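Residue-level structure breakdown
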Amino acid sequence: MGRNPVTWLGSPTFPDAARRSLGDTQLRGNLRKATTTIRGKRESAVAELDDWEQLRRAGEAVKDDVLANLDTYLERLEAAVSERGGVVHWARDAEEANRIVLDLVRQEDADEVVKVKSMATAEIGLNEALADGGVDAIETDLAEVIVQLGEDRPSHILVPAIHRNRAEIKEIFAQMPDPPDSDDPRALAEAARKYLRRKFLSAKVAISGANFGVADTGSIVVVESEGNGRMCLTLPETLITVMGVEKVLPRWQDLEVFLQLLPRSSTAERMNPYTSIWSGVTPGDGPQKFHLVLLDNGRTSTLADEVGRQALRCIRCSACLNVCPVYERTGGQAYGSVYPGPIGAILAPQLAGDLHDEQAASLPYASSLCGACYEVCPVRINIPEVLTHLRAEVVEAKGKRTPEAMAMSAAAWVFGSRRRYEAAQKAGSLTRLLARGGNLSSLPWPGSKWTDTRDAPVVPKESFRTWWRRNRG
Amino acid sequence: MSGPRVALFPTCLTDTAFPETGKAMVRLLERLGCDVDFPLDQTCCGQMHFNTGYAELARPMARAYADVFDGYDYVVAPSGSCAGMVREIHPTLCPTSPAVERTYELSEFLVDVLGVVDVGAHFPHRVTYHPTCHSLRMLGVGDKPLSLLRAVSGLELVPLPQAEQCCGFGGTFALKNAETSTAMLADKMRCVQDTGAQVVTAGDNSCLMQIGGGLSRLQAGVRPVHLAEILASTQEEPWVATP
Ligand code: SF4
């Protein structure tokens, strides 16, 4: 098995990558503006429903049922899709999924495919794998077009080009056959429309992801805003859908819950503009060949972790990114994965499955544990809980001999007895440990990390307990 | 008639670095009729260890907490973060105990348990309030601290823009991701300064240490003062700034 491409090869650790993006004033401005706007809108969209909390709980319950009975529902889905004329493939990892898709594209003699925006195909690096096989994968979601033509990486789940502003987009679109003549949103959209129209009409094969797959009916659901997805899903002769196994839903009615939770959380809309649903193949209508690739790629091993598995409830709405104070400052690329922000910090390391990797191991620490993500998550993923859980796994993977582990043991030893605690307090070392972030000589972080930008509190003349003993003891 | 037996859990940070907050807790709670004690065997709730990935090292601290605070009617902490650690996390580390269930953050204790909003305080300053993340989202203290502040005579309360944004402290986050933490702090300080307040208050000394540390570096002329110190201040015994 090759390396799981869910985290980008050669990415620096989060603190290093963050340092770079924090210095990018353009990026900071773009992100602040974008996240502040969407945050406010989501709040009002959610406030319209009195049963929002019940909806969240219902979403959580359905997803937990799916995770507990995944095999049953997947088999049901496979049967339903096959019965309606689709072909189901199973892919253990990225490599296998990419090979299946490439073979299918080759069978159709296509050297170009159009793509619906999809996280699963980004996760497995499908575009790169297809390119290696001589197939051009053309992204058709407007933001994905910006990322693809800019030879850039995505920085947000829903709006992968959130880090770009209009002027930058005009520059990137200059390479189109009919480039935009201004950075007016209308002109930019028109240029993209002309560029994409040609692609839609000539493509023989389309590739998509899936938001949901209904086990009972074999229906696949894709929600989107632009209608470009709808073009891909209806025009080409062949449609290949790559779907993470956790996206299965038991029943058709379950969509009622998720089609309310998702648009309000992600785009702050009551309903998303385009909801495409298809079940297998319909003769004479839409693609006449349909392949569903069910992707594991680290999901079943994530499922084995009792605390960590809740990350698989995620419906990729990106609400947690939009409210995250860390994401707002560093942007998505600092996470070094297609899954950025709070969900990325818990999902990417689990899917990658290797906490010995420095970059993956840095992700669970990319949070102040403020809890804003948990508060908004439509399927109630307790992200702070998973973060501390994964931190414990990182600590275990690193072993007891790291400077940090030794300092933590020393601190625990001090806290383990009143006598030692009071001695450390008197020596002033406890103030430094607690307030300056560990200027104890054995602690790994230089106290200067604190005092670079903030003043440390002055060690008081006497501790509270000394005062208490003097006055009350 | 004697009031409830209340154990103070000032937290190791306040005990060690912010004794004035501890003294204020004693004055305030005794003024409100509580029988206050400070069990000397207490040390730390284990939050720093737990949040950094050392749950195993935090476990004995959680056990010790239950032992030390057993037998009191209530345990009160001037920290949403440590009270949250005790109430939400301790039960995952060791069998829960009455001490854990009876642990309150200060504003919760005053409003929910003692049922007071006007604690008879006097604090003639312009104040802005930062709701700390754990008090807000882990404990759900809501606007209890604000109701307490509104009832303080002489106090002019000015709203803090983007109040619910994290100050960037996050324990060891402030060190492991120092630059990001500083960027978050910068925005928080800008919001605090925009209010024109003389005093920024909160229910957690850890966050105040972050905000106050940044403001003092800027010579911003805004003082961090813990909520307990404001509520303890009276006309007769007014709050005095410590150097
Ligand atoms: S973790 Fe929750 S809030 Fe974040 S993207 Fe997934 S569903 Fe949305």
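Just so we're clear, the structure is a prediction, and the values are computed from it rather than from any experiment.

**Some points on the overall build of chain B**
Secondary structure summary: chain B contains 13 helices and 8 strands in total. Compactness check: chain B gives a C-alpha radius of gyration of 17 Å against a globular reference of 18 Å for 243 residues, within 12% of the reference. For chain B, the residues scored as buried account for 63% of the 243 residues in total. The long-range share in chain B, meaning contacts at least 24 apart out of those at least 6 apart in sequence, stands at 78%. Split by element, the accessible area of chain B, about 8300 Å² in all, is 51% carbon and sulfur.

**Some remarks on the packing of helix α2 (residues 19-31) of chain B against helix α7 (residues 106-113) of chain B**
Residues and elements named next belong to chain B. Where α2 contacts α7, the axes come no closer than 12 Å and their chain directions differ by 5°. In terms of their interaxial angle, α2 and α7 are classed as roughly parallel. Across the interface between the two elements, Met25, Leu28 and Leu29 of α2 pack against Leu106, Phe109 and Leu110 of α7.

**Side note on the side chain of A:Arg313**
Residue and element names in this part refer to chain A. For Arg313, the location among the structural elements is in the loop between α13 (299-303) and α14 (319-323). By relative accessible area, Arg313 is classed as buried at 4%. Side chain to side chain, Arg313 and Asp64 meet in a polar contact 3.0 Å long. Of the polar contacts made by the side chain of Arg313, one reaches the backbone oxygen of Arg380; its length is 2.7 Å. Apart from the residues within four sequence positions on either side, Arg313 is in contact with Glu60, Lys63, Asp64, Leu67, Val379, Arg380 and Ile381.

**What to know about the packing of aromatic side chains**
Using the criterion set out here, one finds 16 aromatic pairs over all chains in the structure. Taken together, a centroid distance of 5.1 Å and an interplanar angle of 75° make the contact between B:Phe9 and B:Tyr65 edge-to-face. Residue B:Phe9 is located in the loop between β1 (5-8) and α1 (11-17), and its partner B:Tyr65 is located in helix α4 (residues 55-68); the two are separated by 56 residues in the primary sequence. We classify B:Phe9 as buried; its relative accessible area is 2%. Aromatic pair B:Phe123 and B:Trp239: ring centres 5.5 Å apart, planes at 55°, arrangement tilted. Taken together, the residues B:Phe123 in the loop between α7 and β5 (126-129) and B:Trp239 in the segment after α13 (227-232) connect sequence positions 116 residues apart. For the pair formed by B:Phe123 and B:Trp239, the shared burial category is buried. Each residue in the set A:Phe464, A:Trp467, A:Trp468 and B:Phe38 is aromatic and connected to the rest through ring pairs, giving one cluster. Cation over ring: A:Lys63 sits above A:Phe258, and NZ or CZ is 5.6 Å from the ring centre. The ring of A:Trp413 carries A:Arg420 above its face, with NZ or CZ at 4.2 Å from the centroid.

**Regarding the site of the ligand**
Taken together, A:Cys314, A:Ile315, A:Arg316, A:Cys317, A:Ser318, A:Cys320, A:Ile343, A:Cys377, A:Pro378, A:Val379, A:Ile381 and A:Ile383 make up the full set of residues adjacent to the ligand. Partitioned by chemical class, the residues of the shell around the ligand number 10 nonpolar, 1 polar and 1 charged.

**Some remarks on the sheet that holds strand β9 (residues 274-279) of chain A**
All names here are of chain A. Pairing is mixed across the open sheet formed by 4 strands, whose spatial order is β8-β5-β6-β9. Since the sheet does not close on itself, it has two edges, and those belong to β8 (248-249) and β9, each with one partner. Looking at chain direction, strand β5 (residues 212-214) and strand β6 (residues 219-224) are connected through 3 bridges and run antiparallel. Directly across from Phe212, in β6, lies its bridge partner Val221.

**Section: helix α5 (residues 94-107) of chain A**
All names here are of chain A. For α5, spanning 14 residues, the distance from its first C-alpha to its last is 20 Å, which sits close to the expected 20 Å at 1.5 Å a residue. Within α5, burial applies to Ala94, Glu96, Ala97, Asn98, Ile100, Val101, Leu102, Leu104 and Val105. Close packing links the buried residues of α5 with β1 (87-91), β2 (112-115), α7 (126-132), β4 (205-208), β7 (238-244) and β10 (289-295). Of the residues flanking the end of α5, it is Asp109, one or two places downstream, whose phi is positive at about 60°.

**Side note on the domain arrangement of chain A**
Considered domain by domain, chain A is made up of domain 1 (65-300) and domain 2 (418-471). Centre-to-centre, using C-alpha coordinates, domain 1 of chain A lies 54 Å away from domain 2 of chain A.

**Concerning the nonpolar core**
Among the nonpolar cores identified, the biggest contains 110 residues, and A:Phe173, A:Val248, A:Phe258, A:Leu292, A:Ile343 and A:Ile346 are the most heavily contacted of them. In this structure A:Val248 touches A:Val66, A:Leu70, A:Tyr73, A:Leu74, A:Leu77, A:Gly213, A:Ala215 and A:Met243, once residues within four positions along its chain are discounted. A:Trp467, B:Phe109, B:Val127 and B:Trp239 belong to the second-largest nonpolar core, a separate cluster that totals 35 residues.

**Re the interface of chain A and chain B**
Across the contact, 65 residues belong to chain A and 59 residues belong to chain B. Buried surface at the junction of chain A and chain B, summed over both partners, amounts to about 5500 Å²; 61% is from carbon and sulfur atoms. Interface area lost by chain A to chain B is led by A:Arg454, A:Phe464 and A:Trp468, which between them contribute 13%. There are 7 salt bridges connecting chain A and chain B. Across the salt bridge formed by B:Glu179 and A:Arg19, the nearest N and O atoms sit 2.9 Å from each other. Across the chain A-chain B interface, the total number found is 25 residue pairs in polar contact (both at pLDDT 80 or more). Considering each element in turn, the side of chain A that touches chain B owes the most residues, 7 residues, to helix α20 (residues 403-415) of chain A.

What counts and how
Residues numbered from 1 in each chain as written. Chains lettered and ligands numbered in written order. Predicted model: local features only at pLDDT ≥ 70, side-chain atom pairs only at ≥ 80, totals over all residues. Heavy atoms only, no water. Helix = DSSP H or I, 4+ residues; strand = E, 2+ residues; numbered from the N terminus. Rg over C-alpha atoms; globule rule 2.2 N^0.38 Å. Buried < 20%, exposed > 50% of the residue type's maximum accessible area, 1.4 Å probe, protein only. Contact = heavy atoms within 4.5 Å. Areas by Shrake-Rupley, 256 points an atom, 1.4 Å probe, with all protein chains shown as cover. Axes fitted to C-alpha atoms, helices over the stretch in contact; angles between N-to-C directions. Parallel < 35°, antiparallel > 145°, perpendicular 65-115°, else oblique. Polar contact = N/O pair within 3.5 Å; in protein donor to acceptor, adjacent residues only side chain to side chain. Phe/Tyr/Trp six-rings, centres within 6.5 Å; stacked < 30°, edge-to-face > 60°. Lys NZ or Arg CZ within 6 Å of the ring centre and 35° of its normal. Near = heavy atom within 4 Å. Nonpolar A, V, L, I, M, F, W, Y, C, P; charged D, E, K, R; others polar. Pairing = 2+ DSSP bridges. Expected span 1.5 Å × (residues − 1). Domains from an automatic or database assignment. Core = buried A, V, L, I, M, F, W, Y, C linked by side-chain atoms within 4.5 Å. Buried area = accessible area lost by both parts, 1.4 Å probe. Salt bridge = Lys/Arg side-chain N within 4 Å of Asp/Glu carboxyl O.

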